[in-house]
Amino acid sequence: MSTVPISPITEAAPLSLCAREPHVPADRLVAEMVPPPRFDSVRFDTYVPDPQQPSQVEAVKVLSDFASGLGGAHATGSGRRRWFARTPKNTAPTGPRGVYLDGGYGVGKTHLLASLWHATPAEPSLKAFGTFVELTNLVGALGFQQTVQTLSGHRLLCIDEFELDDPGDTVLVSTLLGRLVDAGVALAATSNTLPGKLGEGRFAAADFLREIQGLSARFRPLRIDGEDYRHRGLPEAPPPYSDEQVTKAAYATGGASLDDFPHLLEHLAKVHPSRYGALTDGVRAVCLTDVRPVPDQSTALRLVVLADRLYDREVPVLASGLPFDRLFSEEMLNGGYRKKYFRAISRLTALARDAKALVAQ
């Protein structure tokens, strides 16, 4: 668990996320395709497998072997070895071209994915790491052909939280990954759903099942069982604080933001999700008043992206109003995006624990 440095009381007013409208140039999107700060120092040997879950031990071994097989010359040169040997011209590659980590929330999939990125013997500029949303945003910023050209020279592409929420994204990413595999790029991804089940319960899955199956063939599924480590042996999330406590903590903490939760949700609709990371630049704590249920699914999905960016950056969240496990309606939690919502609850709960030190000032 991260700790929040205590800052002296300041006369300066807190920041406001609602007052920010960041603009992110395309070159920053590419340069920032590295593991987020939370996973800067993770490695395979810092992953602690649950002794009751042999699949976690197996995952470390498989991924370590995978990383060691990516040494040698540039992916587009003659030094590709093992999984990614050059195939004769006009001959389609056979077998899986990547690893797909499947498992529930908090079993350490992102830890393992980032460890793979760190362990791969290549310069950072030859490795890319990003969420599924960040990958689709990159295509939107650069265009499809330029994205293919930019990533084709990479040794490895890691995609975290592979979620297909839209038939158009399914076709886009399937085509993109196919082009990258043909160029010799290794792939690794995490998700909460097996590759063959992507899109299940979302939109008209039958309409793009063929694309999903084609994408599934690109990966070797690697199941990782276990319970959410964020709640393993840890106390329950702290209850929400009062508006007065949250406001006082925001003014007492340098670099904190203070926003009314309903207004923040409205503001998120005006900022593209690709900019949510930039929205939190320099923010050391997020303070929210009047947390209430999210009104609709579009708003809920935007909040999920913000929760991911805050979690990646280890930004504690202090809130008044309802506890975070009451953000989403029963209908949402039982629908096609339920795994995203449960992930957001898990991550926001962890960040709420991190924020307890702010009130103790």
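Conventions adopted
- Residues numbered from 1 in each chain as written.
- Predicted model: local features only at pLDDT ≥ 70, side-chain atom pairs only at ≥ 80, totals over all residues.
- Heavy atoms only, no water.
- Phe/Tyr/Trp six-rings, centres within 6.5 Å; stacked < 30°, edge-to-face > 60°.
- Helix = DSSP H or I, 4+ residues; strand = E, 2+ residues; numbered from the N terminus.
- Buried < 20%, exposed > 50% of the residue type's maximum accessible area, 1.4 Å probe, protein only.
- Lys NZ or Arg CZ within 6 Å of the ring centre and 35° of its normal.
- Axes fitted to C-alpha atoms, helices over the stretch in contact; angles between N-to-C directions.
- Left-handed = near helix turned anticlockwise from the far one by under 90°.
- Contact = heavy atoms within 4.5 Å.
- Nonpolar A, V, L, I, M, F, W, Y, C, P; charged D, E, K, R; others polar.
- Salt bridge = Lys/Arg side-chain N within 4 Å of Asp/Glu carboxyl O.
- Pairing = 2+ DSSP bridges.
- Polar contact = N/O pair within 3.5 Å; in protein donor to acceptor, adjacent residues only side chain to side chain.
- pLDDT = per-residue confidence, 0-100.
- Core = buried A, V, L, I, M, F, W, Y, C linked by side-chain atoms within 4.5 Å.

Participant: Residue-level account of the packing of aromatic side chains, with values.
Facilitator: Counted by the stated rule, this structure contains six aromatic pairs. Centre to centre, the rings of Y100 and F219 are 5.3 Å apart; their planes meet at 80°, and the pair counts as edge-to-face. A residue pair is termed long-range when its members are at least 10 positions apart, and Y100 in strand 1 (residues 98–103) and F219 in the loop between helix 7 (209–216) and strand 5 (220–224) qualify at 119 residues. Of the residues examined, F219 reaches a relative accessible area of 4% and is grouped as buried. Arranged with centres 4.6 Å apart and planes meeting at 20°, the rings of F328 and Y341 form a pair that is stacked. Taken as a pair, F328 in the loop between strand 8 (317–321) and helix 12 (330–333) and Y341 in helix 13 (residues 338–354) lie far apart in primary sequence, 13 residues in all. Side by side, F328 and Y341 carry an identical accessibility label, which is buried. Put simply, the rings of Y100, F132, F162 and F219 pair up and form one aromatic cluster. The cationic tip of K127 hangs over the ring face of W117; the distance from NZ or CZ to the ring centre is 4.2 Å.

Participant: Can you lay out the packing of helix 4 (residues 132–142) against helix 5 (residues 144–152) for me, pointing to particular residues and giving the numbers?
Facilitator: In helix packing, the relevant descriptors are the interaxial angle and the interaxial distance, both defined with respect to the helix axes. Between helix 4 and helix 5, whose axes approach to 7 Å, the crossing angle comes to 115°. Crossing of helix 4 over helix 5 shows right-handed handedness. Mapping the contact onto sequence places L135, L138, V139 and L142 in helix 4 and F144, Q146, T147, T150 and L151 in helix 5. Across the contact of helix 4 with helix 5, the residue classes break down as six nonpolar, three polar and no charged.

Participant: Kindly report on the pattern of salt bridges, identifying the contributing residues and their values.
Facilitator: The tally for this structure, following the rule as stated, stands at twelve salt bridges. Measuring nitrogen to oxygen at the nearest pair gives 3.1 Å for the salt bridge that ties R343 to E161. One end of the pair, R343, is in helix 13; the other, E161, is in the loop between strand 3 (156–160) and helix 6 (167–182), with 182 residues separating them in the sequence. There is no split in this pair, since R343 and E161 are both buried. When the shortest N-O distance is used, the salt bridge between D290 and R292 registers 2.3 Å.

Participant: Tell me about the sheet that holds strand 3, residues and numbers included.
Facilitator: A sheet is described by the order of its strands in space; here five strands give the open sequence 2-3-4-1-5, paired in parallel fashion. A strand with exactly one partner marks an edge of an open sheet, and here the two such strands are strand 2 (127–131) and strand 5. Strand-to-strand twist of the sheet, defined as the mean angle between neighbouring strand axes without regard to direction, takes the value 15°. Pairing between strand 2 and strand 3: five bridges, direction parallel. When the sheet's bridge partners are listed, A128 is paired in strand 3 with L157. Contacts from helix 2 (residues 54–68) reach strand 1, strand 4 (186–191) and strand 5, with the element oriented near 145° to strand 5. Against the sheet, helix 3 (residues 109–119) makes contact with strand 1, strand 2, strand 3, strand 4 and strand 5, and its axis sits at roughly 165° relative to strand 3, the strand it touches most.

Participant: Quick rundown of the environment of R155? Include the residues and the values.
Facilitator: Along the chain, R155 turns up in the loop between helix 5 and strand 3. On a C-alpha basis, the gap between R155 and W117 in space is 10.0 Å, while along the polypeptide they are 38 residues apart. For R155, the side chain forms a polar contact with the main-chain oxygen of P121, separated by 3.1 Å.

Participant: Give a description of the confidence of the model for the protein chain that names residues and reports values.
Facilitator: Per-chain confidence: the protein chain averages 83 in pLDDT, with 80% of residues scoring 70 or above. This model gives residues 1–10 a pLDDT under 50, and the stretch forms 19 contacts once residues within four places in sequence are excluded. Across residues 73–94, where pLDDT falls below 50, the model places 44 contacts with residues more than four positions away in sequence or in other chains.

Participant: Let's hear about the nonpolar core: which residues, and what values?
Facilitator: Counting residues in each nonpolar core, the largest one holds 37 residues, and the members touching the most others are V286, L288, L303, F324, L327, F328 and Y341. Broken down by secondary-structure element, the contributors of at least two residues to this core are helix 9 (261–268), helix 10 (276–279), strand 7 (285–291), helix 11 (297–312), strand 8, helix 12 and helix 13. In this view, V286 contacts L17, S257, L310, V315, P316, V317 and L318; residues no more than four positions away in its chain are not counted. With 26 residues, the next largest nonpolar core counts F39, V42, L70 and L113 among its residues.

Participant: Report on the sheet that holds strand 6 (residues 256–260), specifying residues and quantitative values.
Facilitator: One open sheet holds the three strands; their spatial order is 6-7-8, and the pairing between them is parallel. Edge positions in the sheet fall to strand 6 and strand 8, since each has one partner strand and no second. Neighbour-to-neighbour, the strand axes of this sheet turn through a mean angle of 15°, independent of strand direction.

Participant: Could you give me a rundown of helix 3, with the residues and numbers involved?
Facilitator: Judged by how many residues are buried, helix 3 sits mostly within the fold: nine of eleven residues are covered. Regarding helix 3, the residues found buried are K109, T110, H111, L112, L113, A114, S115, L116 and W117.

Participant: How would you summarise the pairing of strand 4 if you had to cite specific residues and measurements?
Facilitator: Counting buried residues along strand 4, six of its six residues qualify, which places the element largely inside the surrounding structure. Here strand 4 shows two buried faces, one formed by A186, A188 and T190 and the other by L187, A189 and S191. When strand 1 meets strand 4, the two strands line up parallel, connected through five bridges. Opposite L101, over in strand 4, you have T190 as the bridge partner.

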